[in-house]
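An overview of the molecular structure
Here are the chains, one letter per residue:
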Amino acid sequence: MELIINVLAATVVAGTPLLLVALGELICERSGVLNLGQEGMMLMGAVAGFAAALSSGSLLVGVAAAIVAGIGMSLLFAFMAVTLAANQYAAGLALTIFGTGLSAFLGAGFVGSSIEGFSRVAIPLLSDIPVLGRVFFDQDPLVYVSFVAFAGVALFLRYSRGGLLLRAIGEDPEAANANGLQVLLVRYLAVAFGGGMAGLAGAYLSLAYTPLWTENMTAGRGWIALALVVFATWRPERLILGAYLFGAASILHLVLQGLGWKSSTELLAMLPYLVTILMLILLSWNPARTRLNTPLSLGQPYRPGC
Amino acid sequence: MLLLERRPVASSLMRWASPLLALILTIITGFVLFLVMGKDPVEGLKFFFITPVSDLSGLSELGLKMAPLLLCAAGLTVCYRARVWNIGAEGHFLMGALGASAMAIQLSESSGFWVLPLVLLTGVLAGMLWAAIAAGLKTHLHCNEILTTIMLNYIALNLLLFTVHGPLKDPFGFGFPQSVMFSDSALLPALIPGTRLHLGLAFGLLAAVAVWVLFARSFIGFQLNVAGQDHRAAAFAGFGVRRLTWFAFLVGGATAGLAGASEVTGPIGQLVPQVSPGYGYTAIIVVFLGRMNALGIVAASALLALTFIGGEMLQIAMHMPKAVTGLFQGLLLFYLLTCDAFIHYRIRRRKTALQPLSAAVTTAPQEA
């Protein structure tokens with residue numbers, strides 16, 4: 001029982017960065033913009049968060065710096081993909097390649113440093129609930145932030161006027177424009193939100209998950225998050241389930257080793273990527289269903305008044 | 001407010017000026033970067049762009065780095081022309097290196113002219129097999145190839161790490177994760193005696209010629225182009241889009257696999273974990289910078305090869321972080337895409353505050 005609780009708690013921790021970055025991408029894609037630059041934005045968030053926390057001595061300053069770095073990167077993407085109407089695939093790839101290079105460059109001096117990362121804070125009362133309390137409410141503060149972000153995104157999309165406008169723009173930007181909506185402005189805001197969340201997810205890695213900086217420490221989580229959004233068919237409730245599922249896949253090797261399973265760490269390290277492919281297969285089995293849920297203008301640049 | 005106005009005809013001047021403009025902007029940014037870091041910018045740029053290629057040994061090193069980039073880029077060009085977004089050259093490359101190494105180690109007792117071709121062929125087939133997975137997932141199970149090829153890259157890397165730490169590890173290698181050195185009959189001959197430059201560069205140049213022939217002279221190249229521009233048009237014309245996707249993936253896998261095989265049988269001579277400094281990813285930049293064109297990718301691969309050597313040079317001479325290579329590569333791609341916007345658009349300042357609603361409505365249908 002103790003083992004199961006520990007595994008479940010570790011699953012939530014491993015799923016948190018995925019949940020954060022995927023929530024941001026979900027909002028971005030709902031506005032019709034596909035940003036493949038998650039990996040680059042996360043890496044910039046991770047390095048900026050670590051550097052700021054190390055030099056200021058404050059984890060909160062680190063988190064703020066990570067969010068700012070993520071937003072800054074996303075605005076570069078927005079300039080290309082929204083203002084200049086560049087191919088979103090290429091612009092997103094450029095963002096990832098640029099972010100990977102820039103983060104390694106800026107972080108070169110921080111390799112080997114370590115800091116005191118976020119520690120667990122048990123929420124009174126809630127953490128006393130059997131099993132669930134230990135799994136969900138005896139975690140570090142950023143995990144709670146991810147819960148709030150999830151609830152915020154889900155409620156925003158479903159019940160708010162802003163969420164309605166966002167979805168309208170993602171489905172049909174021309175009709176939205178004809179109705180007087182500022183398509184480009186909304187898309188900028190959506191991309192920036194995605195950038196901030198990716199930066200926060202990066203900070204989670206470098207300030208809570210493993211409080212240190214190494215080159216490419218995201219290890220493809222940005223890409224897994226992109227698959228996660230497809231898996232969730234652009235719905236937040238399925239997104240949170242998926243994030244913990246992928247979290248479980250990425251800690252499975254720890255569990256197996258804990259149970260005395262003798263296998264190579266490298267082979268087990270493949271698991272999250274294999275699971276991602278498997279999920280894509282299961283999900284894409286019926287292409288019509290995916291297509292039905294995809295925001296109609298996803299990936300299409302929009303140029304008003306051209 | 002700035003507005004983009006679609007040009008009536010795509011600007012062919014911008015199409016070719018854009019890579020040059022991107023390079024100039026990258027150099028300017030590099031100049032500022034050196035200033036900010038308190039280094040001499042002129043000296044820095046000289047170390048990056050000129051010193052590495054100022055003598056024969058430097059030029060041969062450039063050719064050495066060009067070879068894998070050019071091979072990977074040739075395959076990716078075929079994919080991207082057909083709008084198959086294969087990001088998996090890195091994975092194909094690693095599997096090519098792994099397959100070729102396994103065969104070379106198997107044949108370490110053998111000698112003969114047939115050893116090297118067999119080793120290279122194994123690498124090519126391994127790369128094709130890895131690409132075939134993504135092709136099958138796309139054509140039969142409708143999986144997005146960007147995501148599957150990225151995942152396959154990570155899986156390939158872990159497979160490679162597994163083998164150099166396990167089955168292919170040199171038992172007498174003092175515990176280092178690396179294979180035995182290959183026998184001489186499994187090594188690529190030098191292209192210029194006395195340098196490390198090997199036959200791989202010739203493979204790369206041949207691949208570029210093959211790309212030119214494919215698109216300028218063959219029917220399948222024409223079909224790929226049509227499919228890239230409009231899938232439905234290709235389908236109406238009866239060009240099996242599924243078949244073309246497979247073709248693009250297999251070519252991409254074959255060339256990147258050959259690149260991996262050439263790397264282990266060329267300058268390295270054994271399988272090591274760090275067989276690729278990201279050639280497969282850099283090749284994506286080569287393809288865009290080279291305008292998906294045979295001659296273009298030759299020039300672009302030379303430039304990006306220079307970023308690898310120039311980065312090393314700055315690391316040694318000016319104590320800059322090695323990552324400066326990735327930074328310059330990222331900047332270059334960034335600026336290129338920005339400049340590329342002006343192939344199809346020009347900037348116009350918006351004079352009136354807001355366009356009348358009726359104008360927006362009447363222009364809207366032309367969008368589609």
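Predicted model, so just to flag it, every value in this text is computed and none were measured.

**Brief notes about the pattern of salt bridges**
As a working rule, side chains carrying opposite charge can pair if their charged atoms are close by. All chains considered together, the criterion is met by five salt bridges over all chains. Two residues, E2 of chain A and R134 of chain A, come together in a salt bridge whose shortest N-O distance is 3.3 Å. Of this pair, E2 of chain A sits in helix α1 (residues 2–30) while R134 of chain A sits in helix α5 (residues 132–136), placing them 132 residues apart in sequence. A relative accessible area of 47% means that E2 of chain A is categorised as partly exposed. Residue class for R134 of chain A comes out partly exposed when judged on its relative accessible area of 30%. The shortest N-O distance in the salt bridge between E61 of chain B and R196 of chain B comes to 3.0 Å.

**Focus on the packing of helix α8 (residues 219–229) of chain B against helix α10 (residues 241–268) of chain B**
All names here are of chain B. Packing of α8 against α10 leaves a shortest axis separation of 10 Å and a crossing angle of 110°. If you check the angle between α8 and α10, you find them roughly perpendicular. Taking contact as the criterion, the partners of I220, Q223, L224 and A227 in α8 are, on α10, R243, L244 and F247. The residue inventory of the contact of α8 with α10, partitioned by class, reads five nonpolar, one polar and one charged.

**Focus: a nonpolar patch on the surface**
Residue and element names in this part refer to chain B. Taken together, the side chains of L21, I24, L25, I28, F31, V32, L35, V36, M37 and V42 make up a nonpolar region of the molecular surface, amounting to roughly 870 Å² of accessible area. The leading source of residues in the nonpolar patch is helix α1 (residues 12–36), at eight residues. Following the sequence through the fold, M37 ends up in the loop between α1 and α2 (41–49). According to the relative accessible area criterion, M37 is partly exposed, its value standing at 33%.

**So, unusual backbone geometry**
All names here are of chain A. Unusually for a residue other than glycine, V131 sits at a positive phi of about 60°. The topology assignment puts V131 in the loop between β1 (121–122) and α5. Here W234, not a glycine, exhibits a phi torsion of approximately 60°, which is positive. Summarising the element assignment, W234 is placed in the loop between α10 (221–231) and α11 (236–258).

**A closer look at the nonpolar core**
Core analysis: the biggest nonpolar cluster contains 212 residues, and W223 of chain A together with Y80 and F288 of chain B have the highest contact counts within it. Once you skip the residues sitting within four places of it in the chain, W223 of chain A turns out to touch L36, E39, L93 and T96 of chain A together with I146, L147, I150, M151 and Y154 of chain B. Membership of the second largest hydrophobic core comes to five residues, among which are L84 and A85 of chain A together with A341 and Y345 of chain B.

**Structural notes on helix α6 (residues 145–165) of chain B**
Residue and element names in this part refer to chain B. Taking 1.5 Å as the rise per residue, α6 with 21 residues should run 30 Å; its terminal C-alpha atoms sit 30 Å apart, in good agreement. Judged by how many residues are buried, α6 sits mostly within the fold: 16 of 21 residues are covered. The N-cap of α6, judged by a side-chain oxygen 2.7 Å from the amide nitrogen of I146 a few residues on, is N144.

**Quick look at the packing of helix α3 (residues 56–81) of chain B against helix α11 (residues 279–289) of chain B**
Residues and elements named next belong to chain B. Put simply, α3 and α11 touch, their axes get as near as 8 Å, and they point 60° apart. The way α3 lies across α11 gives a crossing that is right-handed. Every residue of α11 that contacts α3 at K65, P68, L69, C72, A73, L76, T77 and Y80 is listed here: Y279, G280, T282, A283, I284, V286, V287 and F288. Broken down by class, the residue content of the contact of α3 with α11 amounts to twelve nonpolar, three polar and one charged.

**Side note on the interface of chain A and chain B**
Listed by partner, the interface residues are 50 residues for chain A and 52 residues for chain B. Summed over both partners, the interface of chain A with chain B comes to about 4,500 Å²; 79% of that surface belongs to carbon and sulfur atoms. Across the chain A-chain B interface, the total number found is zero salt bridges. Put simply, chain A and chain B have two residue pairs in polar contact (both at pLDDT 80 or more) between them. When residues of the side of chain A that touches chain B are traced back to their parent elements, those giving at least two are α3 (59–83), α4 (88–107), α8 (173–178), α10, α12 (265–269) and α13 (271–284) of chain A. The element that contributes the greatest number of residues to the side of chain A that touches chain B is α4 of chain A, accounting for twelve residues.

Basis of the calculations
- Residues numbered from 1 in each chain as written.
- Chains lettered and ligands numbered in written order.
- Predicted model: local features only at pLDDT ≥ 70, side-chain atom pairs only at ≥ 80, totals over all residues.
- Heavy atoms only, no water.
- Salt bridge = Lys/Arg side-chain N within 4 Å of Asp/Glu carboxyl O.
- Helix = DSSP H or I, 4+ residues; strand = E, 2+ residues; numbered from the N terminus.
- Buried < 20%, exposed > 50% of the residue type's maximum accessible area, 1.4 Å probe, protein only.
- Axes fitted to C-alpha atoms, helices over the stretch in contact; angles between N-to-C directions.
- Parallel < 35°, antiparallel > 145°, perpendicular 65-115°, else oblique.
- Contact = heavy atoms within 4.5 Å.
- Nonpolar A, V, L, I, M, F, W, Y, C, P; charged D, E, K, R; others polar.
- Patch = residues over 30% accessible without salt bridge, like charges linked within 9 Å, V, L, I, M, F, W, Y side chains within 5 Å.
- Areas by Shrake-Rupley, 256 points an atom, 1.4 Å probe, with all protein chains shown as cover.
- Core = buried A, V, L, I, M, F, W, Y, C linked by side-chain atoms within 4.5 Å.
- Expected span 1.5 Å × (residues − 1).
- Polar contact = N/O pair within 3.5 Å; in protein donor to acceptor, adjacent residues only side chain to side chain.
- Left-handed = near helix turned anticlockwise from the far one by under 90°.
- Buried area = accessible area lost by both parts, 1.4 Å probe.

Without other data, these values stay purely geometric and don't point to any function.
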